[in-house]
Amino acid sequence: MKTKIKNTVAIGFLLMGFFAKANTNQVQPQVEIVKTTPISDTLKWSERMALSIMKRHPEAYQIDGQKEPKWDYVHGVVLNSFEKVYQKTGNKSYYDYIKGYADSTIDEKGAVSSYKFDTYNIDMVTAGSMLFNLYKTTKDPRYLNVLQQLRKQLEEQPRTASGGFWHKKVYPNQMWLDGLYMGSPFYAQYTTVFEGGKNLDDIAKQFELIQLHATDKKTGLLYHGWDESKQMAWANKETGTSPNFWSRSIGWYAMALVDVLDYFPKEHPKQKELVGYLKKLAVALEKVQDKKSGLWYQVTDKGGKEGNYLEASGSSMFAYVLAKGVNKGYLPSKYKAVANKAFDGLTTQLIKFEADGEITITQACAVAGLGGKPYRDGSYEYYVNERKKDNDPKATGPFIMAALELNR
């Protein structure tokens, strides 16, 4: 036990030393030390995963195999989880890791060269959430400039005729569940911090549209995408929905719901409506949770079908959402047990352990979408045959957040 405690303390000092010297000639030796320092199994799962990520990727921009700094939603997802770890532990190493990413992607004028405004890709907005605290603590105008650029994107983002944000400029008239997470929590925080909450109704409208058009009345689950024009080949000609339920897309939507509620006061007329959506989704998710493992399948409602598999990112997202929903008082307490069962499944079935204490999460879908080139038809066969990837950031970030909400 004493050895484990020493290792834990050593990691903290080594990481702080590494990041404090991140811009000096001493970086490489420190990186090598961090890489070879064991991660104690006495730590919470959130820190074990966070430290594993830092060992694999000494610079945060390296997450997802990047060779040079790039502004991307996957970094945002992971670093948003790191901010929660920092808030929980007070360990400045996590703050510095976030700041290192911001400073590697934002230049001295407050511009992000790898961010292309005119593509109107809503995925690019979510990484901005890490900048609120950085701006609050540093008052660095570069961070404010990027926050304002992302807010301007949302202001100009193309919309469906009914008022929903397009997922991207190249996907006209389409709302994807993914997009709710990519845009709405940032939008809610921005309008609360800088605009007195004046646009909360617009945020609620995004959920209302998805709830109205993408929800399956029989199961309560939500389809991955909705094409208001009903012109896409993947779209149902009567409803405009894509043909299947993909767990990670539902996870994005669920995380968006539980996170935007942080900014909706109880007295706001739309707050109860959003909580109602979350409650209905919790009921639907419990019904399709795999009873043996506690996890959820890649194609959410087809657990027994050939080729389907228990998937890490969606399962981590659902565990996070159900746990936070209970902790915040939105959901009945029984859903904490549902979340804990899911987390047990993640740690016993999908986590691999290295000799140095590093942990790896397996069976994560690397990517999935609709349309595009090559064309993605949203079929069952499409979803189960997309490649899997160990330590995909869409799984590691939500895993950290689930661990924190469950205090595991």
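Provided above is the structure to which this section pertains.
Since we're looking at a predicted model, the values are computed, not measured. (Residues numbered from 1 in each chain as written. Predicted model: local features only at pLDDT ≥ 70, side-chain atom pairs only at ≥ 80, totals over all residues. Heavy atoms only, no water.)

Draft legend 1. Layout of the packing of helix α9 (residues 200-214) against helix α10 (residues 247-260). Following both chains from N to C, one finds α9 and α10 inclined at 145°, their axes separated by 12 Å at the closest point. At the point where α9 passes α10, the crossing takes the left-handed sense. Taken together, the residues of α10 that come into contact with α9 (itself represented by I203, F207, I210 and Q211) are Y253, A256, L257 and V260. Considering only residue class, the contact of α9 with α10 consists of 7 nonpolar, 1 polar and no charged. (Axes fitted to C-alpha atoms, helices over the stretch in contact; angles between N-to-C directions. Helix = DSSP H or I, 4+ residues; strand = E, 2+ residues; numbered from the N terminus. Left-handed = near helix turned anticlockwise from the far one by under 90°. Contact = heavy atoms within 4.5 Å. Nonpolar A, V, L, I, M, F, W, Y, C, P; charged D, E, K, R; others polar.)

Draft legend 2. Inspection of the pattern of salt bridges at higher detail. Within the structure shown, the criterion is met by 23 salt bridges. For the salt bridge of D103 with K99, the shortest nitrogen-to-oxygen distance reads 2.8 Å. Here D103 and its partner K99 are both found in helix α5 (residues 92-105), 4 residues apart, which amounts to about one turn of the helix. Using a relative accessible area of 30% as the deciding quantity, one classes D103 as partly exposed. E208 is the salt-bridge partner of K270, the closest N and O atoms lying 2.9 Å from each other. Pair noted here: K270 is in the loop between α10 and α11 (271-288) and E208 is in helix α9, with a separation of 62 residues, a long-range link. K270 gets classed as partly exposed once you look at its relative accessible area, which sits at 23%. One connected set of salt bridges, linked through shared partners, spans K99, D103, D140 and R142. (Salt bridge = Lys/Arg side-chain N within 4 Å of Asp/Glu carboxyl O. Buried < 20%, exposed > 50% of the residue type's maximum accessible area, 1.4 Å probe, protein only.)

Draft legend 3. Layout of unusual backbone geometry. The amide bond that connects K373 to the next residue, P374, takes the cis arrangement and shows omega of -5°. Among the structural elements, P374 can be located in the loop between β5 (364-365) and α14 (380-385). Despite not being glycine, K139 has its phi angle at roughly 60°, a positive value. Positionally, K139 belongs in the loop between α6 (131-138) and α7 (141-156). When its relative accessible area of 53% is taken as the criterion, K139 is described as exposed.

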